[in-house]
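Per-entry structural report
Residues per chain, in single letters:
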Amino acid sequence: MWSLVAPVVRWPLRSPLRLIGTVAALVLTLALTSQCTSTPSPPPAAAPATTSPSPTPTPTPKRSSMADLPDRDAPIETKLDTSPVPGAEQVVVLAAAQVSVAYVQEWGHPERTRDEWLAAMAPLVTTRYYEHLKTVDPTSTFPLTVSGDVVELAFFDGDSASLAVPVTADGWARGVSVGLINAPNGTWLVDYAEPIW
């Protein structure tokens with residue numbers, strides 16, 4: 001028996017190329033044989049009929065075919081759409097403008113006590129600027145009337161802004177330059193203000 005099998009076993013061992021070819025042929029034969037002999041699993045038994053409504057069937061995910069795959073040589077789109085939402089910046093600038101107008105209107109109240117004046121300013125300003133306002137004597141302030149539209153001087157990615165508020169005081173047309181910072185909670189706060197003469 002060995003004399004019949006020995007030449008068959010020795011033939012692939014005489015050359016590395018014969019050995020690789022023989023192993024590849026065996027692997028391919030075994031793969032094809034196992035695929036052909038596998039039996040499909042039987043379908044599940046039908047559930048008994050009940051009077052309750054049947055649940056909505058879950059959609060079967062679609063299997064992708066080679067036609068569904070993108071072309072390997074096609075350029076891959078990596079650019080994100082970072083264009084601003086129409087009107088979004090205007091809304092943010094408007095919020096900053098409203099805070100700057102409120103600040104200008106609260107600033108000129110010489111009739112208030114120091115505590116009343118600071119309490120009115122506190123929700124509109126940064127902590128740093130609030131410390132500066134503690135050094136201001138409210139009796140030295142004078143009423144300001146907003147006399148026109150707020151002008152945007154600079155706007156930096158929604159983090160900070162510089163606006164000009166046109167005002168009249170004592171019959172003179174003037175302006176106030178207001179610098180604002182957008183706080184982490186999204187509220188604009190005045191960080192500085194100075195007159196434009």
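Residues numbered from 1 in each chain as written. Predicted model: local features only at pLDDT ≥ 70, side-chain atom pairs only at ≥ 80, totals over all residues. Heavy atoms only, no water.

Our focus in this paragraph is the overall build of the protein. Of the regular secondary structure elements, the protein holds 5 helices and 5 strands. Its helices and strands in sequence order give the protein the pattern α-α-α-α-α-β-β-β-β-β, from N to C terminus. Looking at the protein as a whole, 23% of its 197 residues are labelled buried. Considering only intrachain contacts with a sequence separation of at least 6, the fraction spanning at least 24 residues in the protein is 41%. Of the roughly 15,200 Å² of accessible surface on the protein, a fraction of 63% belongs to carbon and sulfur atoms. (Helix = DSSP H or I, 4+ residues; strand = E, 2+ residues; numbered from the N terminus. Buried < 20%, exposed > 50% of the residue type's maximum accessible area, 1.4 Å probe, protein only. Contact = heavy atoms within 4.5 Å. Areas by Shrake-Rupley, 256 points an atom, 1.4 Å probe, with all protein chains shown as cover.)

A few words on the pattern of salt bridges. This model, assessed by the stated rule, comprises 3 salt bridges. Between Asp-191 and Arg-128 there is a salt bridge whose closest N-O contact spans 3.0 Å. Pair noted here: Asp-191 is in strand β5 (residues 188-196) and Arg-128 is in helix α5 (residues 127-133), with a separation of 63 residues, a long-range link. When its relative accessible area of 14% is taken as the criterion, Asp-191 is described as buried. Residue class for Arg-128 comes out exposed when judged on its relative accessible area of 54%. (Salt bridge = Lys/Arg side-chain N within 4 Å of Asp/Glu carboxyl O.)

It is worth spelling out the pairing of strand β2 (residues 151-156) at this point. Here β2 runs beside strand β3 (residues 160-169); their pairing, made up of 5 bridges, is antiparallel. Bridge assignment links Ala-154 to a residue of β3, and that residue is Ser-162. Here β2 folds back onto β3 in antiparallel fashion, the turn holding 3 residues, of which Asp-157 has a positive phi close to 50°. (Pairing = 2+ DSSP bridges.)

Let us look at the side chain of Ser-177. Among the structural elements, Ser-177 can be located in strand β4 (residues 172-182). By relative accessible area, which is 8% here, Ser-177 ends up buried. Beyond its immediate stretch of four places on either side in the chain, Ser-177 contacts Leu-153, Ser-162, Leu-163, Ala-164, Tyr-192, Ala-193, Glu-194 and Ile-196.

Among the residues of helix α4 (residues 114-121), those classed as buried are Trp-117, Leu-118, Ala-120 and Met-121. Taken around the axis of α4, the buried residues stretch over an arc of 160°, which confines them to a single face. Those residues of α4 that are exposed and angled more than 90 degrees off the buried face are Asp-115 and Ala-119. (Arc of directions from axis to C-beta.)

On to the confidence of the model for the protein. Per-residue confidence for the protein gives a mean pLDDT of 73, with 54% of residues at or over 70. Here residues 58-87 scores under 50 on pLDDT; set against residues more than four positions off or in separate chains, the count is 2 contacts. (pLDDT = per-residue confidence, 0-100.)

All right, on to the layout of surface pockets then. Within this model, the largest pocket holds a volume of roughly 230 Å³. Around the largest pocket, the lining is made up of 17 residues, and of these Trp-107, Leu-144, Val-176, Glu-194 and Pro-195 lie nearest the centre. Sorting the residues of the lining of the largest pocket by element identifies α3 (88-107), α5, β4 and β5 as the ones contributing at least two each. Tallied by class, the residues present in the lining of the largest pocket amount to 13 nonpolar, 2 polar and 2 charged. (1 Å grid on protein atoms, 1.4 Å probe; cavity = no way out; pocket = protein on both sides within 12 Å on 5 of 7 lines; lining within 4 Å. Points joined across faces, edges and corners; volume = space filled by probe spheres on them. Nonpolar A, V, L, I, M, F, W, Y, C, P; charged D, E, K, R; others polar.)

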